[in-house]
Amino acid sequence: MGKKDRIRPPKPCDICSKEADVQFRIQTNESGNWRIVCKTCQEQAASSADYLYGGTWKRKKRN
Ligand SMILES: [Zn+2]
């Protein structure tokens, strides 16, 4: 079969624009908007009272 592996482009962090293969879905305010952020920004946001963790975004999909 000639199926190619589909690799998504890296996602930039919504806060610092750094690209990474693994990012984190978080909420840090009352607006209810999810942000995709890098590990550094996720760790900083974790100290916020409004912090919500929504899962991990991975560039490479596991089968
Ligand atoms: Zn960041």
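Draft legend 1. Local environment of the coordination of the zinc ion. Donor atoms from the polypeptide that coordinate the zinc ion comprise Cys 13 (SG), Cys 16 (SG), Cys 38 (SG) and Cys 41 (SG), at 2.3 Å from the metal. For the zinc ion, the 4 donor atoms in the first shell make angles of 105 to 118° at the metal, a pattern classed as tetrahedral. The motif formed by the donor residues of the zinc ion, counted along the single chain, is C-x2-C-x21-C-x2-C. One exposure class covers both Cys 38 and Cys 41, and it is buried.

Draft legend 2. View of the pattern of salt bridges. Tallied over the entire structure, the rule returns 2 salt bridges. The partner of Arg 59 in a salt bridge is Asp 21, and the shortest N-O contact between them spans 3.0 Å. Taken together, the residues Arg 59 in the segment after strand S5 (52-58) and Asp 21 in the loop between strand S2 (19-20) and strand S3 (22-27) connect sequence positions 38 residues apart. With a relative accessible area of 22%, Arg 59 lands in the partly exposed category.

Draft legend 3. Focus on the packing of aromatic side chains. According to the stated counting rule, one finds 1 aromatic pair in the structure shown. Consider the rings of Phe 24 and Tyr 53, whose centres lie 6.5 Å apart with planes at 45°: the pair is tilted. Placement of Phe 24 in strand S3 and of Tyr 53 in strand S5 is noted, with a sequence separation of 29 residues between them. For Arg 25, the ring lying beneath its charged end belongs to Trp 34, and the centroid distance is 4.6 Å.

Conventions we followed
- Residues numbered from 1 in each chain as written.
- Predicted model: local features only at pLDDT ≥ 70, side-chain atom pairs only at ≥ 80, totals over all residues.
- Heavy atoms only, no water.
- Donors = N, O, S within 2.8 Å, 3.2 Å for Na, K, Ca; no water.
- Tetrahedral: all angles 85-135°; square planar, octahedral: opposite > 155°, others 65-115°.
- Buried < 20%, exposed > 50% of the residue type's maximum accessible area, 1.4 Å probe, protein only.
- Salt bridge = Lys/Arg side-chain N within 4 Å of Asp/Glu carboxyl O.
- Helix = DSSP H or I, 4+ residues; strand = E, 2+ residues; numbered from the N terminus.
- Phe/Tyr/Trp six-rings, centres within 6.5 Å; stacked < 30°, edge-to-face > 60°.
- Lys NZ or Arg CZ within 6 Å of the ring centre and 35° of its normal.

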